[in-house]
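Spelled out, the chains give:
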Amino acid sequence: MNRREFIYSVGMSGMSIPFLNAAPSAALAPGSKAKSVINIFLSGGLSQYDSFNVEVDKDVLGKSAILKSNVDGIRVSNYFPTLAKQMDKLLVINAMQTNQGAHPAGIYKMLTSYNPRSSVTHPELGAWINKALTREQDSLPNFVSIGNGRSGTAGFLSGQWAALPVRKPNAGIDFANRHKAVSAETLDQRLDILASLNKDFDKDHGTKDTQSYQDSYKGSLKFMNSKDIDAFELKKESEKIVKLYDGQEFSRSCLLAGRLVERGVRYVKVNLGGWDYHDALYDKFPQNASRLDKGLASLLEHLSQKGLLDSTLVVVSTEFGRKPLVNPNKGRDHHPDGFTCLMAGAGVKAGEIYGSTSKDGKKAEKDILDVTDFNATIAWRLGIDPNLEEKSPTGRPFKLANRGKARKTLFS
Amino acid sequence: MKIPFIIFLLILSVTASVVADPRAHAREVDQIMATELKKLGQEARPQIDDYTFCRRLYLDAIGRIPTLDELDQFIADKRADKRARLIDNLLNSKGYNSHWYNYWADLLRVKYVGDKLHHPGNYAEWVKESVRTNKPYNKIAYELINANGKLYKPGNGATGFYAREPMALDHLANSVKTFLGMSIECAQCHDHPFDDWTQLDFYKLAAFTSKTYLRVDPLPADEKEKFAKDRKILKNKSFDEWIVYRESLRVKHASIYGNGTGYSRLPHDYEYNDGEPHEVMEADVLFGSMPVIHYKMPKDKVEKLNKKQFGPQINSRKSLANWMTSRENPMFTKATVNRLWYRIMGTELVGPIGGLDLESTGDHPALTEKLVEIMKVTDYDIKAFLTVLFNSQAYQSKALALKATPPAYVLDGPIVRRLPAEVIVDSILSLRTKDPDASVATKFRWDGFTHFYDKSRNMTVKNFVDYSIASPGRAKFQMREEKEAKERNRDLGPKSLWRASTYTHNDGQHLASILMGQSTRDLIDSANTQPDIPQILYLMNGHLEGHVIRDPKAYLNQKIRHEKDRAKRMEMIWKAVLGRLPKPSERALFKHKQADVMWALLNSNEFKFVR
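What you see is a predicted model, and the numbers here were worked out from it, not measured in a lab.

### Regarding the interface of chain A and chain B
Think of interface size as the accessible area that goes away when the parts come together; that is how it is often given. Across the boundary between the two partners, chain A contributes 49 residues, which contact 48 residues of chain B. For the side of chain A that touches chain B, the element with the highest residue contribution is helix H5 (residues 184–205) of chain A, accounting for twelve residues. Looking at side-chain class alone, the side of chain A that touches chain B contains 17 nonpolar, 24 polar and eight charged residues.

The structure is reproduced here in structure tokens:
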């Protein structure tokens, strides 16, 4: 059997390849306005008072100064000069709330809607969405996680719904290309030998697991040869788009995310960590803030130019915020009650602020949004019922957004 | 009762002789199976040849394929009892320590869990030491359930079992799943929907361990008297100094305290009719006989205490450990035997390893009973039990490929299944080096935490303060301790030639193991053996090319380099990778390039599956 046959004789049943083991094509549910989500996840805990929640008492702001934005009534900190010119594209959500105050548990809660338990691992939102929206004809996986950070677990769902990890945006998917010492002809030869070995082994030892492996090789080859795999190659992007971005790794990750949603990938998580500034915040924060400022601004411009912002929900989230009081070490400690997330695109009420904290910055006060409601809202906007239920292997039922409810008023 | 010394000796020698003859037990097992097969009119499976046996035993006993030398040596051995000899040799080799550490560490979830400073090094070392010394399994379980005291004190790593999961009720549910093979976690929050356990049962069991807790800082009085003032000064002076002070104190003081009060209280939202919210519950077991507990305070007095009070500590946790690991506990031995059977044979002897119930004895109760008996006779000696299994005809018979319609009886030997993640990567290692087990430690390995604990044995408060002031911050403090620890340890050789078990959390991730489905150790037994795209891409296009196929230094390539005859070279490749000679039909593949054949063999299902 040559490679061509290998690729095209792919069976559709019992395969462990996300996009080859999916429901047949179905129209998006009525009412859905987003086709894809890009989730920029700021692990470590973004300081809301040094970024997008500046309408608080002056002493809460620490050393941060205030900038006017291109929207009347919206102001941001001086560390986000580029985004200040694009606030008309963003909804600022200022009264986020979580029940977790430590990083691992907080990240887990934000990404899965559940408290961590030691009897079960819950799927990340991206995995729920991957499973709910993947269709037979999709040639790319629908959950991709870019950068270092939590890799995007499928939890108790089958592993096929976990994120495809891309550690370095410039390098693309690990091992997706032939080894440099192996020519296409050589790979064909090798696959021929492999096919003959596996066929022989199957006679006496074939099980559904050995079959699953053979299918997975076929699926992986299909993936390697897919016309869409160049979505992962940034050098294929047009110069016009590339020059919207600077060369920083996070910006390159955003560029990749934009390319992926253009090809129809449903959920892309971009990790940007390092926000846990318990000390010397004003020495360390500006550099990271600048990464976010430039990368996100470029991404919004990219999506706008491509006409994708109407169908892509861009979400900036973090596990919790920072305390209003700057501590003696000039840092801020963890603060789960009243932190800030952002949304853009897909009909969100851009150029507005939703919710507020008390002026002393101590607590979420008006239009409080729990992290489970936040996740429910994302799912709902994609046309997925936040109450969608799946059972763990032991038969325990779990809902996509736990008890969260979609906050439909965030959209116009 | 005093036993006369001579009778005592007699008992000892009887026990010893039983333990010393695992092959007799193996025959008993074979007999029971033969009877069952005869009853069902099912034919016995054919026995396997020496090649198949050698590969299978290496994989199951020490977690990797045999090297070319090891295979040749076994095949050349002409002694009649060479299989039994190989079993004994492998079970007493370093490879065994590596392979079975991976297994128990998955079950016991040896993992870095950050928040509470839980560094798994000392815990991992405790598990390794238990494997190295072949500590009886009931003793392992007892020590884990009952662990107390300092987390980072060398030798006291059993405390990691509690420290990695200090939420009391979750910990209890997981202990029951780990050692009794039962799933009772639902009853934590509501009556179990399909089993008999009620929430009341759960809280009665929880009473044994109540008020066991992890505390990372010095005890409150100690803290206030000795450390509070310095902490405050340092906190206001410098973050770096304060945090080193905090961390170094924690490494020294982090402990598991409390050993159970024998009382618990129902939760504030208890909704059933058999109890009231906050009602005090006396400890009781789920089944079997209740150990005697000597209470210091009667129940009615505890009820009058504040709702958060559970009465004085009375070491009821020890009673729980006794009950759980008792020979008379109807689940402990059964769950252990079921677990080891599943590991070696791939089938369920009694039921799912984490989902057993009280009554079940599996498809073949007589076999279960016999194996339970053997486990007890050998005094929970894991190596002795494995010796019985490995010497059985069942183990040495043809592996069954389970299809949609399996034969009536499937317990008469192993099934075809994918190898565990670490076994695949360690098998690849066996093609790269003459001694794949070189990195496996033979004694306690220090890390930054145990090293600092040891170092600080005689440190005064002032020493801690001075140490913090002289330290360049948390990260560098930790790095320095790790560096010093490393200098205390034996050199483990180049990291690229380590077995997967040698990696600690300080050594970074073992990418290949992760891709193959290594357990994240968040949950019990959560390794997976399914393919996915990143894994297959790695096998097709990844490191095999540079690490094995094209690396002239790879042991396999060194071995075949001197062989002039092409067919003989190919034979060596087949033996090295698949552990067998090429079939006549496969000789047609000899015409291909050596590198291409190696790639195909390494990517084949046969390489990834045990047969």
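### Quick look at the domain arrangement of chain A
Entries for chain A in the domain assignment read domain 1 (1–30 + 181–225) and domain 2 (35–169 + 228–407). On a C-alpha basis, the centres of domain 1 of chain A and domain 2 of chain A stand 35 Å from each other.

### Brief notes about the domain arrangement of chain B
For chain B, the assigned domains read domain 1 (115–175 + 183–325) and domain 2 (533–610). A separation of 51 Å is found between the C-alpha centroids of domain 1 of chain B and domain 2 of chain B.

### Description of the sheet that holds strand S3 (residues 255–257) of chain B
The three strands lie next to each other as S1-S3-S2 (chain B), forming an open sheet whose pairing is antiparallel. This sheet does not close on itself; its edge strands, each paired only once, are strand S1 (149–150) and strand S2 (213–215) of chain B.

### Considerations on unusual backbone geometry
Although it is not a glycine, Ala346 of chain A sits at a positive phi angle of roughly 55°. Along the polypeptide, Ala346 of chain A turns up in the loop between strand S11 (337–344) and strand S12 (352–354). Residue class for Ala346 of chain A comes out buried when judged on the 24 C-beta atoms lying within 10 Å of it. Residue Arg109 of chain B is not a glycine yet carries a positive backbone phi of 55°. Structurally, the position occupied by Arg109 of chain B is in the loop between helix H6 (94–107) and helix H7 (121–132).

### A few points about the pairing of strand S1 (residues 36–42) of chain A
All names here are of chain A. Counting buried positions along S1 yields seven of seven residues, so the element is predominantly enclosed. Side chains Ser36, Ile38, Ile40 and Leu42 of S1 all project onto a buried face; the interleaved residues Val37, Asn39 and Phe41 project onto the opposite face, where all are buried too. Note: S1 against strand S7 (residues 267–271), five bridges, orientation parallel. For Ile40, the partnering residue across the bridge sits in S7 and is Val270.

### Re helix H24 (residues 533–541) of chain B
With respect to burial, H24 of chain B is a largely interior element, eight of its nine residues being buried. Here H24 of chain B has its buried residues at Ile533, Pro534, Gln535, Ile536, Leu537, Leu539, Met540 and Asn541 of chain B.

### Observations concerning the environment of Asn541 of chain B
By the element assignment, Asn541 of chain B lies in helix H24. Linking Asn541 of chain B and Met479 of chain B, residues 62 residues apart in sequence, is a C-alpha distance of 35 Å. Discounting residues that sit within four places of it in the chain, Asn541 of chain B has contacts with Phe175, Asn177, Arg178 and His179 of chain A.

### Some words on the packing of helix H3 (residues 50–62) of chain B against helix H4 (residues 68–76) of chain B
All names here are of chain B. Contact geometry of H3 with H4 gives a least axis separation of 10 Å together with a crossing angle of 135°. Of the possible angle classes, the one that applies to H3 and H4 is oblique. Handedness of the H3/H4 crossing: right-handed. For the pair H3 and H4, contact is made by Asp50, Tyr51 and Cys54 and by Leu71, Phe74 and Ile75, respectively. Looking at side-chain class alone, the contact of H3 with H4 contains five nonpolar, no polar and one charged residues.

How each quantity is defined
- Residues numbered from 1 in each chain as written.
- Chains lettered and ligands numbered in written order.
- Predicted model: local features only at pLDDT ≥ 70, side-chain atom pairs only at ≥ 80, totals over all residues.
- Contact = placed C-beta atoms within 7 Å.
- Helix = DSSP H or I, 4+ residues; strand = E, 2+ residues; numbered from the N terminus.
- Nonpolar A, V, L, I, M, F, W, Y, C, P; charged D, E, K, R; others polar.
- Domains from an automatic or database assignment.
- Pairing = 2+ DSSP bridges.
- Buried ≥ 20, exposed ≤ 12 C-beta atoms within 10 Å, placed from the backbone.
- Axes fitted to C-alpha atoms, helices over the stretch in contact; angles between N-to-C directions.
- Parallel < 35°, antiparallel > 145°, perpendicular 65-115°, else oblique.
- Left-handed = near helix turned anticlockwise from the far one by under 90°.

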